[in-house]
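Structure assessment
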Amino acid sequence: QVQLAESGGGLVQPGGSLRLSCAASGSIFSGNAMAWYRQVPGKQRELVAGITSGGSTNYPDSVKGRFTISRDNAKNTVYLQMNSLKPEDTAVYYCNRPARPVLWGQGTLVTVSS
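Residues numbered from 1 in each chain as written. Predicted model: local features only at pLDDT ≥ 70, side-chain atom pairs only at ≥ 80, totals over all residues. Heavy atoms only, no water.

1. What to know about the overall build of the protein
Within the protein, the regular secondary structure consists of one helix and 11 strands. Secondary structure of the protein in N-to-C order comes out as β-β-β-α-β-β-β-β-β-β-β-β. Relative to the globule expectation of 13 Å for 114 residues, the C-alpha radius of gyration of the protein, 13 Å, shows essentially globular dimensions. When each of the 114 residues of the protein is scored for burial, the buried share is 39%. The long-range fraction of contacts in the protein, counting pairs at least 24 apart against all pairs at least 6 apart in sequence, stands at 54%. Split by element, the accessible area of the protein, about 5,900 Å² in all, is 48% carbon and sulfur. Across the protein, 11 positive and 6 negative side-chain charges occur, with their mean positions spaced 4 Å apart. (Helix = DSSP H or I, 4+ residues; strand = E, 2+ residues; numbered from the N terminus. Rg over C-alpha atoms; globule rule 2.2 N^0.38 Å. Buried < 20%, exposed > 50% of the residue type's maximum accessible area, 1.4 Å probe, protein only. Contact = heavy atoms within 4.5 Å. Areas by Shrake-Rupley, 256 points an atom, 1.4 Å probe, with all protein chains shown as cover. Lys, Arg positive; Asp, Glu negative; His and termini not counted. Charge placed at Lys NZ, Arg CZ, Asp CG, Glu CD.)

In C-alpha cells, the structure reads:
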C-alpha cells in the first residue's frame, strides 16, 4: 500500500527546473509537517526542504534560494519546485512525513546533466 507517492522526476539540463509532487492520503497529510529528502548512492539521505502544517518552511544552505516547498491541503499534496538546478542536485528525491510513525515515499529520480 503506497501512502506517499512522488512524481515529477526526470532528466533536466543544468540551470533548468523541475517540479516534484507528493500525493498523500488525508489522514497522513492533515495536520502534519512534510518534507523532501534526497539521496545518492553511498551517501546519507539529506533534508532538502521542510514545511509545517501552517506553511512555515526551512531549507539547508545547499538549496536555499533555488528550491521552494509548498503544500496544497485541499489536494493533500506537497510540492518541491526546483530551479537553477545543478549537477550536484542529482539524486533520488523522497517525500517524507516526519511525525511518528515516520513515512517515506518510494522516491523519484532527478538527474541534472548536459
